[in-house]
Amino acid sequence: MSRRGTTTSDRDPGAPLRARRLRIEPYGIKVGPVGHLAEERARLAALQWKRFTARPLGATIGAEVGGLKLSGDLTDDVVAELRQALCAYKVLFFRDQTQLDAAGHVAFARRFGDLEIHPFIPSNTEHPELVRFEKSPEVGGYENGWHTDVTWRERPSMGAVLRALVVPRSGGDTLFCDMAAVYDGLDDDLRDRIDGLRAVHDYAQVFGHQIPEEAKAELRAKYPPVEHPVVRTHPETGRRTLFVNRFFTTHIVGVEPEESVALIDQLCRAAEYPEYQCRFRWEADSVAFWDNRAVQHYAVSDYWPDARVVERASIVGDRPSP
């Protein structure tokens, strides 16, 4: 019998489906080409930059930037073009930044705005603007959940610049997800359901356990729970992005508790498709600069008991608008 005679079809099983996105029931997952990414993917592939190169990583998110040393005295034109690239790709990656020290890290981030001081994460001892994530056999990595940074602030971060100091032998990658692509990929009825809704964000779910009893009242007064739109509009691109996460979003205003949990979970699960993501493998002296208004990220915790040490400078953002 010929090889062809052992099959029931002479075409790829996807051929009759006409490149449609299909739902697999009863699980609610979707398979097939994510067609709504095509226009943005083509737009990004066609971009040209005058002062550096940019190689796209994911379909609509992430680019490795070449031809720049962040430790240098970057001109205003370079900074302006980097900001344009950040808005386009949502996260930028820089390799071999060997000359970039802590002071240079702070100086580079400050070119894009005022910097935050984080109240719950230890800082670099000489530069309070840098929070330090120092993982070891004694300190595990618990950032391995999809989240947007500090959404419990009235003005969540505009962006963040993360620099690798010590990387594990393998593992420890960071994933980023394009939350505009996620929103655009939702079913029409789900988009209609969430447009106009607001959600409450609170630091206590993640950081509440570490606060001394005597400091709780002061910190709660300084950082009360805040409301943000479930869908925010990016202030520079005008793109609509999904703005809830399981780390800091406690509930959706005006929705019954059980329904609220189910809806937040449904929206967060929509971000778990790799088609919306890019993945960055760290090397020492690598830097990632992400637009916190447009992405969620996930720090893979697969390297224990190896060490992983990174420092982050976060840039003050705006109040999210629907």
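Parameters at a glance
Residues numbered from 1 in each chain as written. Predicted model: local features only at pLDDT ≥ 70, side-chain atom pairs only at ≥ 80, totals over all residues. Heavy atoms only, no water. 1 Å grid on protein atoms, 1.4 Å probe; cavity = no way out; pocket = protein on both sides within 12 Å on 5 of 7 lines; lining within 4 Å. Points joined across faces, edges and corners; volume = space filled by probe spheres on them. Helix = DSSP H or I, 4+ residues; strand = E, 2+ residues; numbered from the N terminus. Pairing = 2+ DSSP bridges. Contact = heavy atoms within 4.5 Å. Axes fitted to C-alpha atoms, helices over the stretch in contact; angles between N-to-C directions. Expected span 1.5 Å × (residues − 1). Buried < 20%, exposed > 50% of the residue type's maximum accessible area, 1.4 Å probe, protein only. Salt bridge = Lys/Arg side-chain N within 4 Å of Asp/Glu carboxyl O.

Asker: Before we move on, can you summarise the layout of surface pockets with the specific residues and values?
Answerer: Space inside the largest pocket adds up to approximately 710 Å³. Taken together, 30 residues make up the lining of the largest pocket; nearest its centre are Ile121, Phe133, Lys135, Glu143 and Phe207. Looking at the lining of the largest pocket, the elements with two or more residues in it are strand S7 (127-135), helix H6 (204-207), strand S17 (295-299) and strand S18 (308-315). Tallying contributions element by element places S7 first for the lining of the largest pocket, with four residues. In this structure, the second largest pocket spans a volume of roughly 530 Å³.

Asker: Please set out the sheet that holds strand S4 (residues 63-66) residue by residue, giving values where relevant.
Answerer: Across the sheet, which stays open at both edges, the eight strands sit in the order S3-S4-S5-S16-S8-S18-S7-S6 with mixed pairing between neighbours. Unpaired on one side and paired on the other, strand S3 (53-56) and strand S6 (123-124) mark the two borders of the sheet. Strand contacts of helix H2 (residues 76-89): S3, S4, strand S5 (91-94) and strand S16 (287-291), with the helix running at about 120° to S5, the strand carrying the most contacts. Lying on the sheet, helix H3 (residues 102-110) is in contact with S6, S7, strand S8 (159-166), S16 and S18; it crosses S7 at an angle near 115°.

Asker: Which residues make up H2, and what values do they have?
Answerer: Taking 1.5 Å as the rise per residue, H2 with 14 residues should run 20 Å; its terminal C-alpha atoms sit 20 Å apart, in good agreement. All of the buried residues along H2 are Val78, Val79, Glu81, Leu82, Ala85, Leu86, Cys87, Ala88 and Tyr89. In the core, the buried residues of H2 are packed alongside helix H1 (38-45), S3, S4, S5, H3 and S16. Just beyond H2, the residue with positive phi is Lys90, at close to 75°.

Asker: Tell me what's going on with the pairing of S7, and back it up with residues and numbers.
Answerer: Pairing of S6 with S7 involves two bridges; the strand directions are antiparallel. Paired with Ser123 across the strands is Val131, a residue of S7. Counting the residues that bridge the hairpin from S6 to S7 gives two residues. Inspection of the sheet shows S7 paired to S18 by six bridges, in the antiparallel sense. Paired with Arg132 across the bridge in S18 is Glu311.

Asker: Go over the pattern of salt bridges, please, and point to the residues and values.
Answerer: Taken as a whole and assessed by the stated rule, the structure comprises 38 salt bridges. Arg111 serves as the salt-bridge partner of Asp76, at 2.9 Å between the closest nitrogen and oxygen. Placement of the pair is Asp76 in helix H2 and Arg111 in the loop between H3 and S6, with a sequence separation of 35 residues. Asp76 gets classed as exposed once you look at its relative accessible area, which sits at 60%. Of the residues examined, Arg111 reaches a relative accessible area of 31% and is grouped as partly exposed. Across the salt bridge formed by Glu272 and Arg246, the nearest N and O atoms sit 3.2 Å from each other. Placement of Glu272 in the loop between helix H8 (257-269) and strand S15 (277-280) and of Arg246 in the loop between strand S13 (240-242) and strand S14 (249-252) is noted, with a sequence separation of 26 residues between them.

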